[in-house]
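Summary of structural features
Read off the chains here:
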Amino acid sequence: MSITVVGSIAFDAVRTPFGARDRMLGGSAIHFSLAASFFDVVHVVGPVGDDFDQAQYEVLRRRGVRTEDIEHVPGGRTFFWRGEYGWDLNERQTLETELGVFADFLPKLSEASASADLLFLANIQPDLQRAVREQCREARFVALDSMNLWIETARSSLIETISGVDCLMLNDSELRELTQEPNLVRAARKVKEWGPRIVVAKQGQYGAALVSEEGFFALPAFPLETVVDPTGAGDCFAGGFMGYIAAHPGAELDHSLLTRAMAYGTAMASFNVEEFGVERLPGLSTEEIAERVARLHQITQFSEQPVALRA
Ligand code: AMP
């Protein structure tokens, strides 16, 4: 079993109140694949330029991530993104986006990537996401993430791409912008009319909510004392969520499995924000992940005890 991901493979410049990095490995597909690599084999699809060297490949290969479908474009520049956060880490400003080699990229998947069990269309131009979706016909579960840039510049292509997936995973503000519905339940209903039967609204430091055919589930973010850089948290959430599903081949994708997948997504995202970029995940142990999921379970349980209410 395996997972294929297409998304940005990037160099990021990030400033937060706790420090800055000028040029670090990043991109939605990179954050996703490192998180998902704790659950299954991950194939990354996307282009890089001459500035992407062995050190970057090594970060992925050391976690067993398959890099055969990372296409090196001679003479090209790798996608670059610059962003800044203030004291509210749920708000960020994009200062620069250079598409570089993504501008002319036409994905051609190898047999191994095309026959993956799960597919994640991480945040990138929606035509590219669709081109990958069309080549990955056998996937039993397909999820998609996007962002305000594509909602504003490629809305109809994005909706067409969304119509071919099982699960839409967006920040809640982007979900509101895309559906033009201020209410999560109504927004999810609208998305379901387009095709996906599952909607996950990511709410940054407040956690994430799931709307499936069977019901609603919300999970707070893991209560951390130290958050250094929220970049990639959403992709790591997706990596843990999809990874958990991939680790249950043949299981019915019901509400209860999806809620447990949410817990793994929440745990993976919580590790990622403790350091800049991808600095935290490669050194993570499986025991640390299991412990954090167990603590999340403890934190979110409450004992029900009805009280006599006054009419
Ligand atoms: P997240 O914090 O989960 O939304 O993802 C952060 C990652 O998204 C960064 O590593 C950036 O390289 C990447 N990114 C930023 N803007 C874009 C964009 N327009 N398209 C694709 N990826 C992007």
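Residues numbered from 1 in each chain as written. Predicted model: local features only at pLDDT ≥ 70, side-chain atom pairs only at ≥ 80, totals over all residues. Heavy atoms only, no water.

Moving on, we get to the overall build of the chain. Per the secondary structure count, the chain includes 11 helices and 13 strands. In summary, the chain has a C-alpha radius of gyration of 19 Å against a globular reference of 19 Å for 311 residues, a match within 12%. Seen through its C-alpha atoms, the chain measures out along the principal axes to roughly 75 × 40 × 35 Å. Every one of the 311 residues in the chain was classed for burial, and the buried ones make up 55%. Restricting the contact set of the chain to residue pairs at least 6 apart, pairs at least 24 apart contribute 66%. Counting every atom, the chain has about 14,100 Å² of accessible surface; 48% of that belongs to carbon and sulfur. Placing the 28 positive and 44 negative side-chain charges of the chain at their respective mean positions leaves the two points 3 Å apart. (Helix = DSSP H or I, 4+ residues; strand = E, 2+ residues; numbered from the N terminus. Rg over C-alpha atoms; globule rule 2.2 N^0.38 Å. Buried < 20%, exposed > 50% of the residue type's maximum accessible area, 1.4 Å probe, protein only. Contact = heavy atoms within 4.5 Å. Areas by Shrake-Rupley, 256 points an atom, 1.4 Å probe, with all protein chains shown as cover. Lys, Arg positive; Asp, Glu negative; His and termini not counted. Charge placed at Lys NZ, Arg CZ, Asp CG, Glu CD.)

The next thing to look at is the layout of surface pockets. The volume enclosed by the second largest pocket comes to roughly 190 Å³. The set of elements that each furnish at least two residues to the lining of the second largest pocket consists of strand 13 (216-219), helix 10 (255-272) and helix 11 (286-300). Split into classes, the residues belonging to the lining of the second largest pocket amount to five nonpolar, four polar and one charged. (1 Å grid on protein atoms, 1.4 Å probe; cavity = no way out; pocket = protein on both sides within 12 Å on 5 of 7 lines; lining within 4 Å. Points joined across faces, edges and corners; volume = space filled by probe spheres on them. Nonpolar A, V, L, I, M, F, W, Y, C, P; charged D, E, K, R; others polar.)

All right, on to the state of the cysteines then. A full pass over the atoms with the stated rule returns zero disulfides. Cysteine Cys-136 shares no disulfide, and the gap to the nearest cysteine sulfur, in Cys-167, comes to 16 Å. A disulfide-free cysteine, Cys-236 has its sulfur positioned 16 Å from the sulfur of Cys-167, the nearest such atom. Among the residues examined, Cys-236 registers a relative accessible area of 0% and is labelled buried. (Disulfide = S-S within 2.5 Å.)

This part takes up the environment of Val-273. Residue placement: Val-273 occurs in the loop between helix 10 and helix 11. Taking the relative accessible area as the measure of exposure, Val-273 reaches 9% and is therefore buried. For the pair Val-273 and Thr-231, spaced 42 residues apart in the sequence, the C-alpha separation amounts to 7.1 Å. In this view, Val-273 contacts Leu-224, Thr-226, Val-227, Val-228, Asp-229, Pro-230 and Ala-233; residues no more than four positions away in its chain are not counted.

The topology assignment puts His-43 in strand 4 (residues 41-48). With a relative accessible area of 8%, His-43 lands in the buried category.

Taken together, 19 residues lie around the ligand, and Ser-8, Asp-12, Gly-27, Gly-232 and Asp-235 are the ones closest in. Gly-27 places a main-chain nitrogen or oxygen 2.7 Å from an oxygen atom of the ligand. One of the side-chain nitrogen or oxygen atoms of Arg-92 is found 2.9 Å away from an oxygen atom of the ligand. Considered on its own, the ligand offers 510 Å² of accessible surface; in the complex 94% of this is hidden by protein. Listing elements by their share of the shell around the ligand, those giving two or more residues are strand 2 (10-16), strand 6 (79-85), helix 5 (148-153) and helix 9 (233-246). (Near = heavy atom within 4 Å. Polar contact = N/O pair within 3.5 Å; in protein donor to acceptor, adjacent residues only side chain to side chain.)

The next subject is the sheet that holds strand 7 (residues 92-98). The strand order across the open sheet built from four strands is 3-2-6-7, with neighbouring strands paired in mixed fashion. Bordering the open sheet on either side are strand 3 (19-26) and strand 7, each of which pairs with just one other strand. Taken pair by pair, the neighbouring strands of this sheet meet at an average axis angle of 15°, ignoring direction. (Pairing = 2+ DSSP bridges. Axes fitted to C-alpha atoms, helices over the stretch in contact; angles between N-to-C directions.)

Taken as a whole and assessed by the stated rule, the structure comprises nine aromatic pairs. Aromatic pair Phe-52 and Tyr-57: ring centres 5.2 Å apart, planes at 90°, arrangement edge-to-face. Aromatic side chains Phe-79 and Phe-102 sit 5.9 Å apart centroid to centroid with 90° between the ring planes, which places their arrangement in the edge-to-face category. Taken as a pair, Phe-79 in strand 6 and Phe-102 in the loop between strand 7 and helix 3 (111-114) lie far apart in primary sequence, 23 residues in all. Of the residues examined, Phe-102 reaches a relative accessible area of 4% and is grouped as buried. Taking NZ or CZ as reference, Arg-292 lies 4.0 Å from the ring centre of Phe-271, over its face. (Phe/Tyr/Trp six-rings, centres within 6.5 Å; stacked < 30°, edge-to-face > 60°. Lys NZ or Arg CZ within 6 Å of the ring centre and 35° of its normal.)

Remember, this is a structural readout, not a statement about activity or role.
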